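# Chains, contacts and geometry: an overview
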Amino acid sequence: MSENVNSRSARRQQQAAGKKKGRKNGSSKGPKQLIKKIFLAIVAVGLALFIGGVGLFAYYASTAPELDESLLKDPLTSEFLDKDGNVFLKFGAEKREFVPYEDIPVELRDAILATEDVRFFKHHGMDFYRLGGAVLANFKGGFGSQGASTLTQQVIKNSFLSHEKTLKRKAQEAWLAFKLEREYNKDEIFEMYFNKILMSGRIYGIGTAAEYFYGKDLSELELPEMAMLAGMPQSPNGYNPMKNPERAEKRRNTVLHLMYKHKKITKEEMEAAQAVPVTANLLPEDQRQDYTESKYPAYVDVVLDELEAEGMMSLLSEGVKIQTALDPKAQEIVEKAINNNSIYESEEMQSAMTVLDTKTGAIVAVGGGRNYSGRDMNFATSDHPRQPGSVIKPILSYGPAIENLNWSTGTVVVDEPYTYKGTNKQVRNVDGKYRGAMTIREALYLSRNIPAIKIFEEVGSQKSGDFARKLGLPYEKMESTFAIGGGKPEFSTVQMAGAYSAFGNDGIYTKPHAVKQIIMRDGKTKQNMTPNPVNAMKDSTAYMVTDILRDVLTQGTGKTANVSGLDIAGKSGTTNYSSETKNKHNFKNTDVPDSWFTGYTTNYTIAVWGGYKNYNKPIQTYDKGRYVPQVLFRTVMGELSAGKDTPRFKQPSSVEEATIIKGSNPIVLAGASTPSSMTSRELFVKGTKPTEVVEETVAELEAPSGLNADYDINTNSIALSWSHNPPDPEMLDEPVQFKVSVSVDGGKAEEMTTTSDHSVTFSGVETGRTYEFSVVAIAGDLASDPASTSLFIQEEIEDDAGDPETNYDENEDGSQDQNNDEENQNDNGNNWNNGNNNNNNGNNGNNNNGNYGNNGNQGNNGNGNSGNSGNTNGNVNPDTSGGNDPNAGSGTETGGNPGDEDSSDDGDS
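Because the structure is predicted, anything quoted here is derived from the model rather than measured.

### Digging into unusual backbone geometry
- Here Asn-665 and Pro-666 are connected by a cis peptide whose omega angle stands at 5 degrees.
- Note on placement: Pro-666 falls in the loop between strand 19 (655–661) and strand 20 (679–685).
- Backbone geometry at Asn-406 places phi at a positive 55 degrees, although glycine is not the residue there.
- Locating Asn-406 in the fold gives a position in the loop between helix 14 (393–405) and strand 8 (412–415).
- For Asn-716, which is not glycine, the phi dihedral falls at a positive 55 degrees.
- Its place among the elements puts Asn-716 in the loop between strand 21 (705–712) and strand 22 (717–723).

Below is the structure:
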C-alpha cells in the first residue's frame with residue numbers, strides 16, 4: 001500500500017517537474033512567436049492597405065477627366081454674379097500675352113523653378129522627395145497644411161480639377177500629371193504654366209504681368225523684376241507691389257535667396273537685387289494698360305481678396321460662378337457720391353466706403369476711392385488700413401464697460417486731469433478743457449478722450465481686447481492709448497463696418513463678406529462661403545451702446561451725418577499727428593491725417609474714411625475736409641433708405657429704462673415732481689436699475705420778475721429792483737440770494753454782487769454806453785433762469801439852433817442811437833408823442849429808436865432786441881403803456897441763455 005502511495009507521489013512530483021520544465025522551455029519561444037505574429041499582421045495590414053490604396057487610386061484615376069489641350073492652353077471664363085444672380089463680370093483672359101517657351105529668358109525660368117519646382121526637369125509629374133517632406137508636415141499640421149505640387153500638377157489643377165483638398169482630387173491630379181508628362185515635353189508644360197498662371201486681378205500669364213507692372217518685354221526685365229514676377233503666383237493680390245509693397249518686397253527677396261541657394265545667381269547678385277526698392281521700376285499708374293475692365297472694380301477687388309485669403313484664386317480658371325452679395329444700385333450710389341468733386345477740399349483728397357447688410361454682414365457695395373479704376377490702391381480694404389480715431393471708443397471702452405461691469409448709460413465718469421495708468425504721461429482732450437462729472441452717455445456722444453481712457457483702464461485691457469476681437473478687430477498686446485484710436489493698430493472700412501454692424505444686430509457678428517458661394521463647373525456642386533454668425537456681446541450691450549450713439553447724430557459730434565426720419569446710430573472720429581510730425585512738417589494744430597464716420601440703421605451699416613494717400617499730407621479744413629465722411633454717409637444712407645421700410649432699433653427685454661437724477665452718483669431715480677432740467681432718461685441692464693428715489697425737495701427756483709432799471713442823472717447811478725416768489729424755506733438747504741451781473745456795450749458779463757435784498761445800485765455810469773443787467777436767484781446748488789434788462793445812457797446834447805439841418809438829418813436817418821432821453825419823457829413814459837425837444841428835432845417818435853414800453857424792447861437802435869426772459873426789459877418807468885412805435889423791437893431774442901455750443905469732434909484723438 002505504502003509503495004503504491006509513494007509511487008503515486010513520485011509520479012506527481014515528476015509530472016509537476018515536467019510542467020515546470022515545459023513552461024520554462026515555452027517561455028523562451030513565446031516572445032519570438034509573438035513578434036513574428038505582429039510582423040505578419042503588420043505586413044498583412046500593409047499589404048491590404050496597399051492593395052486597397054492601389055484599388056482606390058485606380059478607381060479615382062478612372063474617373064479623372066480627359067486631357068483637353070484647349071483647357072491646358074487657355075483658362076476657362078468664370079462669372080461673377082450679383083445678389084440677384086445676374087452676371088456683372090466675366091473673369092477670363094481676353095487680353096493675355098502668350099509667350100513661347102524659347103522667348104522666356106533663362107534667368108526668369110531659373111527664378112520660377114527655384115521658387116516653385118526646383119526638380120522640374122528630373123521628375124515625371126510627381127516629386128517624391130518633396131512629397132515626403134510634405135507628408136511629415138501634414139502629420140504635424142493636418143492634411144492639406146503643406147503641399148508638394150509640381151508645376152505639372154499646378155497646370156492640371158488649374159485646368160481640370162476642383163480646388164478642394166481631398167484624396168480623390170490629389171489622386172486624379174497625380175494620375176493626370178503622369179499622363180501630361182507622357183504626352184507633352186517639359187518645355188511645353190513649362191510654357192503652359194508660364195502663360196496660364198493668375199498673376200493679379202484679371203492678369204493671366206507672366207508675360208502679361210511684365211507688360212502691366214513694368215511696361216517691358218520679357219527680354220528687358222532685370223533680375224529684381226524677374227524675381228518679383230516669379231514670386232507673385234503664390235498670392236497674386238497679396239504680393240502685388242503696387243498695392244502691398246512691403247509684402248511684395250519680402251516675397252521678392254525670398255525668391256532671390258532661393259535662386260542663390262540653388263546656385264542660379266551669386267551672393268553678390270542676390271544682395272544687389274535685394275537692395276533695389278520693389279517699387280523702383282514700376283510703371284506709373286497713368287501708363288498702365290487696363291486689364292481689369294469691370295463696372296465695379298472696387299467690389300471686384302474685395303471678391304478677389306476673399307478668394308485669395310481662402311486659397312481659392314486658382315478656381316477662377318476653372319469656369320466657376322462666384323455668387324456675391326453685390327447690390328448694383330447701392331454700388332452706383334456709392335460711386336456717384338464718392339466721385340462728387342465738390343465735397344472735397346482738394347483734387348488729391350481721397351475717401352473710401354463699405355456698405356454692409358446690418359443683419360447678415362454681407363458687403364453690398366464698396367467705394368475704393370475717387371474715380372477708382374482697379375489699377376490703384378483700394379482705400380476701403382486692407383490695402384490701406386488707418387488708425388481708427390474715436391470710432392474705436394464704443395468698441396474698446398463703452399461696450400466692454402456695459403458688457404462686463406453692467407454699467408448704466410447714466411453711470412458717472414469724471415472728465416478731469418488724468419495720466420495714463422502707471423505713467424506720468426498726461427491724457428488730453430483735443431480742446432484742452434475738462435468738463436467734470438458727466439454720464440457715460442454724454443462722454444461718448446461728446447467724444448471726450450479722458451473718460452474713454454479711464455473706462456478702458458477700469459474694465460481692463462484683457463476684457464477690452466477680447467470684446468474687440470469678437471468683432472473682427474485683431475488686437476494683440478493692448479495699450480491704453482488704443483482706447484482713443486491711437487497707436488499701431490490700423491483698420492479698413494470693411495473691418496470697421498463689420499464691427500459696428502454687431503451693435504445694430506442684437507450683438508450678433510458676422511464677418512463681412514462679398515462672396516456667398518461658389519458654383520462649380522458642373523452647376524451642381526456648390527461651396528458655401530458665408531461665414532457663420534457668432535454671438536459677440538449681450539443684446540443689452542448692443543442696444544445700450546446703440547442708444548448712446550443715436551445721440552451722436554442729434555446732440556454730439558455727428559450732426560452732419562444725420563438723415564431726417566431715420567433711426568441712426570453712429571460715431572465720428574479723427575486722428576492726430578504726433579508732436580514730432582507736426583514740428584517736422586510745420587503742421588497746424590488743426591491739421592489731421594484721417595477722418596472717419598461709421599454708422600448704422602437696422603438695414604445698413606456704413607463705414608467711411610477720408611484723408612490722403614500720403615499720410616503726411618494733412619486734412620486742413622472742416623466742411624470739405626473733416627466732415628467729408630459724414631457728408632458721404634448722409635448722402636449714401638439717405639439714398640439707400642429712400643422708399644424702404646427701416647424699422648427702429650428695438651429695445652430688448654434685457655434692458656430697462658428709468659428717469660434718473662442726472663449726474664447722481666450712485667444713481668438715484670427722479671421723483672414725480674423733479675423738474676425735467678435735472679433729469680435724464682437712461683438705460684439699465686435688467687436687474688440693475690436702482691430703487692432709491694430722490695427725496696422730494698425744491699429742485700427749481702423761479703426766475704426774478706419785474707426787473708426795473710432807473711437812471712439817476714444827479715448821482716450818475718442806476719438803481720435796480722426786482723421781485724421774487726420764493727419756495728417754502730423749509731424745503732431749501734440754504735436761503736435764496738440773488739446774483740447780479742452787468743455787461744457794458746455787449747462785453748463780457750461781470751458779477752456785481754450777490755445779495756439777499758431785492759434791489760441794488762450800480763454807480764459810476766458813463767453816458768453814451770449801454771448797460772445790460774441780469775439777476776439770477778440762487779439757493780445752494782439751485783439756480784433760476786436769469787431776468788435781464790438793458791439801459792442806454794444818452795449823451796447830453798447841447799442846443800445848436802444854428803445848424804438845424806444837421807440835426808434834422810441825424811434824426812431822420814436814425815444815425816443817432818437815442819433810446820433813453822429822460823428829459824423828453826412824459827408822465828406815462830411814452831416817447832412817441834412828446835413833441836419837439838430842445839434840439840428842435842421834431843417828434844421823437846420818428847427817430848426809429850424804439851419804444852420803452854413795458855416789454856423792454858429797445859427798438860432799432862443798432863443793438864437789436866435785448867430780450868426780456870419774461871421780464872420787463874429796459875423800462876425806465878414800469879408804469880408806462882409802451883406806445884405804438886411800429887419800429888420797436890420784437891423781443892424774440894432771449895438775453896440770458898447763450899444756447900448750446902455746436903461742438904466739433906473735440907474728443908477725437
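### Focus: the sheet that holds strand 22
- Strand order in the open sheet formed by three strands is 21-22-25, with antiparallel pairing between adjacent strands. Sheet topology places strand 21 and strand 25 (759–763) at the edges, where each strand pairs with a single neighbour. On average, adjacent strands in this sheet sit at an angle of 15 degrees to one another, irrespective of strand direction.
- Summarising the sheet, strand 22 and strand 25 pair through five bridges and their orientation is antiparallel. Bridge assignment links Ala-719 to a residue of strand 25, and that residue is Thr-761.

### Observations concerning a negative patch on the surface
- A surface patch of negative charge is lined by Glu-97, Glu-102, Asp-103, Asp-187, Glu-188, Glu-211, Asp-217 and Glu-220.
- Within the element layout of this structure, Asp-187 appears in helix 7 (residues 186–196).

### Points about the pattern of salt bridges
- A complete count under the given rule lists 21 salt bridges for this structure.
- Among the salt bridges present, the one from Asp-547 reaches Arg-441, with a minimum N-O distance of 2.8 Å. Residue Asp-547 is found in helix 19 (residues 539–554), and its partner Arg-441 is found in helix 15 (residues 440–445); the two are separated by 106 residues along the sequence. Each member of the pair, Asp-547 together with Arg-441, is buried.
- For Asp-551, the salt bridge goes to Arg-441, with nearest N and O atoms at 2.8 Å. Taken together, the residues span a long stretch of sequence, with Asp-551 in helix 19 and Arg-441 in helix 15 at a distance of 110 residues.
- By relative accessible area, Asp-551 is classed as buried at 12%.
- We classify Arg-441 as buried; its relative accessible area is 5%.

### Points about helix 7
- Most of helix 7 sits out of view: nine of its 11 residues are buried.
- The complete set of buried residues in helix 7 reads Lys-186, Ile-189, Phe-190, Glu-191, Met-192, Tyr-193, Phe-194, Asn-195 and Lys-196.
- Its side-chain oxygen at 3.1 Å from the backbone nitrogen of Asp-187, Asn-185 defines the N-terminal cap of helix 7.

### Quick notes on the sheet that holds strand 14 (residues 526–528)
- The strand order across the open sheet built from five strands is 2-1-5-13-14, with neighbouring strands paired in mixed fashion. The sheet is open, and its two borders are formed by strand 2 (87–91) and strand 14, each paired with just one other strand. The average angle at which neighbouring strand axes cross in this sheet is 20 degrees, direction not considered.
- The pairing of strand 13 (residues 515–519) with strand 14 spans three bridges and is antiparallel. Considered in strand 14, the bridge of Ile-519 is made with Lys-526.

### Quick look at the packing of helix 13 (residues 328–338) against helix 22 (residues 628–641)
- The N-to-C vectors of helix 13 and helix 22 enclose an angle of 150 degrees; their axes lie 10 Å apart at closest approach. One way to sum up the angle between helix 13 and helix 22 is to call them roughly antiparallel. Crossing hand, helix 13 versus helix 22: right-handed. Taken together, the residues of helix 22 that come into contact with helix 13 (itself represented by Ala-330, Ile-333, Val-334, Ala-337 and Ile-338) are Leu-632, Thr-635, Val-636, Glu-639 and Leu-640.
- The residue inventory of the contact of helix 13 with helix 22, partitioned by class, reads eight nonpolar, one polar and one charged.

Calculation criteria
Residues numbered from 1 in each chain as written. Predicted model: local features only at pLDDT ≥ 70, side-chain atom pairs only at ≥ 80, totals over all residues. Heavy atoms only, no water. Helix = DSSP H or I, 4+ residues; strand = E, 2+ residues; numbered from the N terminus. Pairing = 2+ DSSP bridges. Axes fitted to C-alpha atoms, helices over the stretch in contact; angles between N-to-C directions. Patch = residues over 30% accessible without salt bridge, like charges linked within 9 Å, V, L, I, M, F, W, Y side chains within 5 Å. Areas by Shrake-Rupley, 256 points an atom, 1.4 Å probe, with all protein chains shown as cover. Salt bridge = Lys/Arg side-chain N within 4 Å of Asp/Glu carboxyl O. Lys, Arg positive; Asp, Glu negative; His and termini not counted. Charge placed at Lys NZ, Arg CZ, Asp CG, Glu CD. Buried < 20%, exposed > 50% of the residue type's maximum accessible area, 1.4 Å probe, protein only. Polar contact = N/O pair within 3.5 Å; in protein donor to acceptor, adjacent residues only side chain to side chain. Parallel < 35°, antiparallel > 145°, perpendicular 65-115°, else oblique. Left-handed = near helix turned anticlockwise from the far one by under 90°. Contact = heavy atoms within 4.5 Å. Nonpolar A, V, L, I, M, F, W, Y, C, P; charged D, E, K, R; others polar.

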